[in-house]
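# Overview (structure and organization)
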Amino acid sequence: MARTPREPNRLSSPRRVAGSVDDPAELAPAVSRPLVAWFKKTARDLPWRQTKDAYRIWVSEVMLQQTQVKTVIGYFHAFLDLFPTMKALAAAPEEKVLRAWEGLGYYRRARNLHAAAKMLVKHGHDNLPPDPVLLSTLPGMGEYTRNAVLSQAHGLALPIIEANSQRVLCRILGVQDDPARGPVKKWLWQSAAKLVCHSDPSAYNQALMELGALVCTPQKPGCLICPARPWCSASKTGEPESIPLKSERPAITRVWEVCMAACSGSGTHRCWLLFRRPATASRWAGLWEFAHQPMSQRDTPRDALYSLIQQLFPSDKPVETWNAGKVQHAITRYQVKLRVEVAQWEGKPAPQLTEHDAWAWLSPAEIATLPLSAPQRRVWEMVSAMPF
Ligand code: SF4
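In the vicinity of the ligand, 15 residues are found, and the nearest of them are C216, C223, C226, C232 and P240. Secondary-structure elements contributing two or more residues to the shell around the ligand are helix 9 (163–173) and helix 12 (233–237). No other element matches helix 9, which puts three residues into the shell around the ligand.

Quick look at the structure:
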């Protein structure tokens, strides 16, 4: 029998709109029925809604974290073509999983998904069991993902809160505090648990998310066509957009880096020097990259390139270098501009190895099968298309 997670302690209510119900449980049957009916009538036909297979729903939920639905659809099909079952995923090498994830970003999600599949298979499961406590022990399995999978695949009445459902709940319940604050977040989870629909938790949870995605949008929510309007505290204020309170965004920091695409040989025999980031790296662990490093404001691009060359090859010099262009990308609050320089080498000198780096001279065919981060893939597309 399924074990249920521990009940959270009761918490004091956050600051709320005047006239909001004291106890969210009072709204439970009234709100859930019209939401479920609305969802069944209007829901988008998405591929992960055509299955009750827990593994497939899990893959979709992990991909949908931080990524838009329209981007995920293609990746979802391609990933499941490669790894149609949890056992197939568990048996695959990590580089193949990361390559299939390439372009989705946040690669920790893929590594955790892979590690969790391996753990479950090792303990005799061929799919995710309806056991919230067991699933909580898996890497990358947060409360939202666990409950979304268990409610949709196994019909367990567990609450969910992600960005869309959080906005909807904050507005219905009139929460005026910042939902990112710990106590407010806990109160919201407790309230979501009281509101969850026991007769159809799958449709109800998806309805909350769908409503947030299509109707109760951050700007200009469609209150006039919303099935939750009769019970919604925010719509009664006339300014539903002001809920929830937004956290202050950190200021953007601009960073310049020099990136050296070192190559050797010519024509179809040309190969390129890349390194594999260590498995313990905080970002892009296990992915391959060209050499790169930050440039100080005092550096000219040429200074920065030769400083990088000096560190990697203290006793060798390239026969020729030239600028290939720029690649710009953003990571959290950093906006990074990579100045890409191609450096042609005589032979394949061995770079000075640092403790954690794994360098290799690779052919284009090898690079095609290896996982690269999105900006590094753009560097590769840029330099490999150069006419030389
Ligand atoms: S009534 Fe308006 S603010 Fe309230 S849940 Fe619906 S769309 Fe959102």
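Now, onward.
With that settled, consider the pairing of strand 1 (residues 253–264). Across twelve bridges, strand 1 lies against strand 6 (residues 334–345) in parallel orientation. Residue pairing for strand 6: S264 is matched across the bridge by W345. Sheet topology note: the strand 1/strand 4 (residues 291–294) ladder contains four bridges and is antiparallel. Its bridge partner being in strand 4, M260 is matched across the sheet by A291. Here strand 1 runs beside strand 2 (residues 271–276); their pairing, made up of two bridges, is antiparallel.

Ranked by internal contacts, the top residues of the largest apolar core, which has 97 residues, are L35, M260, A261 and A262. Both domains that furnish three or more residues to this core are identified here as domain 1 (24–53 + 127–242) and domain 2 (253–384).

Since there are 3.6 residues in each turn of an α-helix, residues three or four apart along the chain are aligned in direction. Residues of helix 15 (residues 374–384) that are buried: P375, Q376, V379 and W380. One side of helix 15 carries all its buried residues, which in axial view fall inside an arc of 145°. As for helix 15, its buried residues are in contact with strand 1, strand 3 (288–289), strand 5 (320–331), strand 6 and helix 14 (364–369).

About the cut-offs
Residue numbers restart at each chain and count upward from 1, following the sequence in its written direction. Per-residue local features of the predicted model are confined to residues with pLDDT of at least 70, and side-chain atom pairs are confined, for both listing and counting, to 80 or more; whole-chain, interface and lining totals are unaffected and use all residues. By definition, a residue lies near a molecule or strand provided its backbone-derived C-beta atom is within 6 Å of it. Helix and strand assignments follow DSSP, with helices taken as H or I runs no shorter than four residues and strands as E runs no shorter than two, numbered in order from the N terminus. When DSSP finds two or more bridges between a pair of strands, those strands are recorded as paired. By definition, a nonpolar core groups buried Ala, Val, Leu, Ile, Met, Phe, Trp, Tyr and Cys residues that are joined through C-beta atoms within 7 Å. Residue burial here comes from a neighbour count, namely the number of other C-beta atoms, placed from the backbone, that lie within 10 Å of the residue's own C-beta, with 20 or more meaning buried, 12 or fewer meaning exposed, and in between meaning partly exposed. Domain borders in the structure are assigned automatically or taken from a domain database. Note: the arc covers the axis-to-C-beta directions of the helix. Here, residue contact means that the backbone-derived C-beta atoms of the two residues sit within 7 Å.

None of this, on its own, says anything about what the molecule does.
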